[in-house]
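Per-entry structural report
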Amino acid sequence: MKVACPTTLAEAISHKALGFTPVAGATDLWAHWPVRTANHDLSYVDLSGLHELRGIAWSAEHLTLGALTTYWDTMQDSRVNAEFPLLIAAARYVGAIQIQSRGTWAGNIANGSPAADGVPALMALDARVRLVGSNGERTVPLDRFYTGYRATVMGVDELITAILVPRRTYSFTAFEKVGPRRAQAITKVGFAVAHSADGWRVVANSMAATVRRCPSLEAILNASHPNPPAEPDLRAAASKDLAPISDIRSTAEYRTEVFARLLRSTLATMTARP
Amino acid sequence: MLRLEGLSKLTGAERYADDMPLCDFLWGMTVRSQSPRGRIVDIRFDPSVDWSQFTIVTHRDIPGCNEVYLIEKDQPILAATHTRHIHEAVVLLAHPDRQALRRAVGKVKVIVDELPPVFDPRAPLAPEQLQHGTENVFKALEIRKGDAAAALTAAPVVVEGEYATGAQEHVYIEPNAMIAWTDEAGVICVRGSLQCPYYVLNALKHAFAREADGVRVIQTPTGGGFGGKEDYPSIIAVHAALLAHKSGKQVKIIYDRDEDMAATTKRHPSIVRHRTGVTKDGLLLAQDIDIIMDGGAYVTLSPVVLSRGLIHAAGPYSCANVHVRGRAVLTNCIPHGAFRGFGAPQTHFANERHMDRIAAHLGMSPVELRRRNLLKKGQTTSTGQVIRDGVDRCELLDAALDAARYDARRQRHAEFNRAHPYLRRGMGVATFHHGAGFTGSGEDYLASKLAVAARSDGRVEVRSASTEMGQGTLTVFTTIAAEALDIPADRVVVANPDTHLVPNSGPTVASRTAMVVGHLIERACDDMAGQLGAARGLSSAPRGGAFLAALDAWGRENPGRELVGRAQYKKPEYVQWYDKTYQGDAYATFSWGAYVAEVEVDLRTFSTRVTDFVAVQDIGRVLNDTLAAGQVTGGVVQAIGWALMEECVWERGAMKNNQLTNYIIPTSFDVPEINVKFIQSPYAHGGGGAKGVGELPMDGPGPAILNAVADATGADPCELPLTPERLMRLIPSGDAP
């Protein structure tokens, strides 16, 4: 095993280009480290020394989360709590405090798990991902970041340096996670929902090969706004947008049914409000 | 009295097997079969590895018999010609570097000519699937009382049901761990995490063709067992000893969690069918019960698990006509083994769900149905055992209902359920019993021995093979000896189980430690005090201050010596068991329980949350409030897991979710306040008046919780674990919130 510990972004990028796996909180690696001996043969580039990737910054347009921002960092930040309760709701559902304090939002994105809890919240807020590679910098909308199961648009030489979350006024946000127990579990069915002047966003996790926006659901929500769509329409749209599977953790039938029930119930809480 | 080893466990000072400082030792690991059934045609060692650096053990290196010493000797220590399940041990490797060893294990391929396996214990057999006897049946047993068939024909109401339970993984905190070496005298020694030192000793004797003085077993502090360290440590101990024997070095085998979950035993899955005849006012007339237990690939402990399951199958109820049949059958799955409750949780689940189904059929309250049928003093169980002692069963039930505020809460739930869009609340009851000690003549056969030594340093040492594994043996034994001699607890020490130093007081299983072995402590104390009295010329066996004074005086005159009191198990006079007819006193006594669960079901997600739990029981006299309540609380939590979330996902007889990320056990967030109450009734033949407590709390929660789900939702769940995915299929889609 080789571990590079760069202090500059340029160094880190050059290691990434050589096939080194970037590591920030190492939460995905560590859980199975002793038994997944194949991981011992890989080379890693440790990003923790890159101070330029730290910190939470605010501009008129954006909240910017440096790539080393952990869930805990955001949970401890009163401004993020006040303006983006959706992010906090998601962060609280990630693992336990140990994971929340090491795991990073950017790592959650880069890891590419369809069950990622942080990604749906960010995607529902129209977050964009800043990538830096040997040819410079670009910014990719998170909803166009994934190309397939654990596949992304990132180039071999690119690293995530920051996540940009547009500052908007939201009339409604909600985060739901269904795991096999009430805490410390991997999501079986999940979604984040947000409504602003830019319309509805519905993003599902563990419901397809990637965390995924649901354009049909968003369309019928926009069309029926401010009323919720009829249940059959909701179910029909969900079936167009999503492709859940049966696996070790749940069944396609369960995911389909519970997604529909929970989304309907969540939307009902919005309309029930004065 | 505070738990004696509590502080060292709390502070992390306790040294478990993996913490023991060793120098110049090898790690041991296991190469396992990847085929569920077949003939081993070759073992290929990848030439890219320098195998001269490794100690390699196959079945050919076993000096004695290649058989795991248990009830039947059908299981090899290392598969020789055939494999019967995925993860069966075939080759052992040892090396100083654990990572090098982990890699090397993947470089050995066991080549197998596949044969047709069996995975469903109920599926009809093709001749080529036959692997044991004429029907792949490890054991068939039957209990008959009266004439169930005739009574069913005549019964005005007959209610049927089929119930199923899944496998369960123990998830002890400390995975299996064993260290082996050969000492200067040539004795093969092992120390490790285990429940039954003499089981391991017998396994070593058999595998190495040695007498007892050529082998030695020492227990290390054990981080939980739950039955998972009853039979399996014998295999790991022999494995470690084989590697140590061949390499001439100390060898340490510590299973990774993934390996432990994949390769070691689980609770037997079961299918239980009930046909019950009742009067219209709910009196049981006939119980016809058919039990299938999935034994896995080898016999291991299945016959005795089946036996306990059968004996508890008719529940704590009086019924004149009972017919129970059971079979433990072979499948090409890892062998299922001992797990807290040992067959009884499975059959209690079926019976207690069935009682609620009968009640629903009759339009009667499930509480009233139970009240009318619970065994009263003088009535007999299915084996004809007369109930002689214990708290009245209806008194326990009433205490549980009171503590749970059952009636008031159910009324509130009815209102809540009408009003709430998607939450449904309900309550469920289970009444049950658990026989303490070995079944039938088991305790007679064990003939457990125990010694208590009065030492010249003024202390009294209890010597037994009964192990502390978190359940409180050390503390409870100290209490019993101190009470028996009326001396302060700090004058008592409990010897560490080491087969060179302690007699065989039997395995630490079957809720027998406090009751059976504890009683031996009292008798050995009598013996020892008698000897001391005689040695001091006293007119009677001294107790209290007189005992201490006599011991101090004797100790000054006999430095370095000790007086050893002994006791051997003698069954209580009244106990009669007939193994041929399966009739009589199946256990010297039973512990009794009445549990009430409250649940809340979310119809959006079909998840069930246990919101309140009351556990009332009679375990004889409570020797230590905290430890006894801890046993009950822990058992209830383990049973909540079994009832609602712990599911082994099988693929070709191997556990696919052998990781704690995917095998889901409850966290504290999934567990409600558990209200534990004891109604005490000292048992004359138990240590300090105690009966068994360890397993009882595993029996009641499963059915109580599912009965509560039925109450909340109107569904009729008959299978554990009741995962949300399963419950969804039982709730009509029209109920969508």
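**Considerations on the overall build of chain A**
When helices and strands are tallied, chain A shows 11 helices and 14 strands. Its C-alpha atoms give chain A a radius of gyration of 19 Å, near enough to 19 Å, the size a compact globule of 274 residues would have. Dimensions of chain A along its principal axes, counting C-alpha atoms only, are 55 × 45 × 35 Å. Long-range pairs, those at least 24 residues apart, make up 61% of the contacts in chain A between residues at least 6 apart in sequence. Surface summary for chain A: the accessible area is close to 11,700 Å², and the carbon and sulfur share equals 53%. Across chain A, the centroid of the 28 positively charged side chains sits 4 Å from that of the 24 negatively charged ones.

**Points about the domain arrangement of chain B**
Residue and element names in this part refer to chain B. The assigned domain composition of chain B is domain 1 (6-115 + 176-252), domain 2 (270-439 + 581-735) and domain 3 (448-568). Placing the centre of domain 2 and that of domain 3 at their C-alpha centroids yields a distance of 37 Å. Counting residues at the interface gives 23 residues for domain 2 and 18 residues for domain 3. Summing both partners gives a buried area of about 1,400 Å² for domain 2 against domain 3, and 62% of it is carried by carbon and sulfur. Contact with domain 3 buries surface across domain 2, with F438, L623 and L627 losing the most and accounting together for 31% of the total. Connecting domain 2 to domain 3 are 1 salt bridge. For E483, the salt bridge identified is with R621, shortest N-O distance 2.8 Å. Viewed at the interface, domain 3 and domain 2 are joined by 6 residue pairs in polar contact (both at pLDDT 80 or more).

**Notes on the sheet that holds strand β4 (residues 56-58) of chain A**
All names here are of chain A. Judged by pairing direction, the sheet is antiparallel, and its 5 strands sit side by side in the order β4-β5-β10-β6-β7 without closing on themselves. Bordering the open sheet on either side are β4 and β7 (136-141), each of which pairs with just one other strand. Neighbour to neighbour, the strand axes of the sheet diverge by 25 degrees on average, direction disregarded. Sheet topology places strand β6 (residues 128-133) next to strand β10 (residues 159-166); 5 bridges connect them, and they run antiparallel. Residue pairing across strands places L131 opposite I160, the latter belonging to β10.

**Quick word on the nonpolar core**
One recurring pattern in soluble globular proteins: nonpolar side chains tend to sit buried together. Ranked by internal contacts, the top residues of the largest apolar core, which has 126 residues, are A:L217, A:F259, B:I291, B:V596, B:F613 and B:I705. Each residue touching A:L217, except ones within four places of it in the same chain, is listed here: A:V202, A:L234, A:A237, A:A238, A:D241, A:F259 and A:L263. A:V140, A:L142, A:I160 and A:V211 belong to the second largest nonpolar core, which has 52 residues in total.

**Section: the packing of helix α9 (residues 215-224) of chain A against helix α10 (residues 231-241) of chain A**
Residue and element names in this part refer to chain A. Interhelical geometry of α9 versus α10 gives an angle of 150 degrees and a closest axis separation of 7 Å. When the axes of α9 and α10 are compared, the pair comes out roughly antiparallel. For the pair formed by α9 and α10, the contact residues are P215, S216, L217 and I220 on the first element and D233, L234, A237, A238, K240 and D241 on the second. Tallied by class, the residues present in the contact of α9 with α10 amount to 6 nonpolar, 1 polar and 3 charged.

**Observations regarding unusual backbone geometry**
Residue A:P226 follows A:H225 across a cis peptide bond; omega there is 10 degrees. The residue A:P226 is located in the loop between α9 and α10 in this model. Residues B:L720 and B:P721 are joined by a peptide bond in cis, for which omega reads -10 degrees. Counting through the fold element by element, B:P721 comes out in the loop between α18 (701-713) and α19 (724-730). Phi angles above zero are rare outside glycine, and B:D486 is one such case at about 55 degrees. As for its position among the elements, B:D486 is in the loop between α13 (473-485) and β19 (492-494). Of the residues examined, B:D486 reaches a relative accessible area of 54% and is grouped as exposed.

**A closer look at the environment of A:E83**
Residue and element names in this part refer to chain A. Of note, E83 is situated in helix α4 (residues 78-83). Note on E83: relative accessible area 24%, which makes it partly exposed. Each C-alpha atom of the pair E83 and R167 lies 8.2 Å from the other, and the pair is 84 residues apart in sequence. E83 has contacts with W58 and R167, leaving out every residue within four places of it along the chain. Among the polar contacts made by the side chain of E83, one reaches the side chain of R167 at a distance of 2.8 Å.

Thresholds applied
Residues numbered from 1 in each chain as written. Chains lettered and ligands numbered in written order. Predicted model: local features only at pLDDT ≥ 70, side-chain atom pairs only at ≥ 80, totals over all residues. Heavy atoms only, no water. Helix = DSSP H or I, 4+ residues; strand = E, 2+ residues; numbered from the N terminus. Rg over C-alpha atoms; globule rule 2.2 N^0.38 Å. Contact = heavy atoms within 4.5 Å. Areas by Shrake-Rupley, 256 points an atom, 1.4 Å probe, with all protein chains shown as cover. Lys, Arg positive; Asp, Glu negative; His and termini not counted. Charge placed at Lys NZ, Arg CZ, Asp CG, Glu CD. Domains from an automatic or database assignment. Buried area = accessible area lost by both parts, 1.4 Å probe. Salt bridge = Lys/Arg side-chain N within 4 Å of Asp/Glu carboxyl O. Polar contact = N/O pair within 3.5 Å; in protein donor to acceptor, adjacent residues only side chain to side chain. Pairing = 2+ DSSP bridges. Axes fitted to C-alpha atoms, helices over the stretch in contact; angles between N-to-C directions. Core = buried A, V, L, I, M, F, W, Y, C linked by side-chain atoms within 4.5 Å. Buried < 20%, exposed > 50% of the residue type's maximum accessible area, 1.4 Å probe, protein only. Parallel < 35°, antiparallel > 145°, perpendicular 65-115°, else oblique. Nonpolar A, V, L, I, M, F, W, Y, C, P; charged D, E, K, R; others polar.

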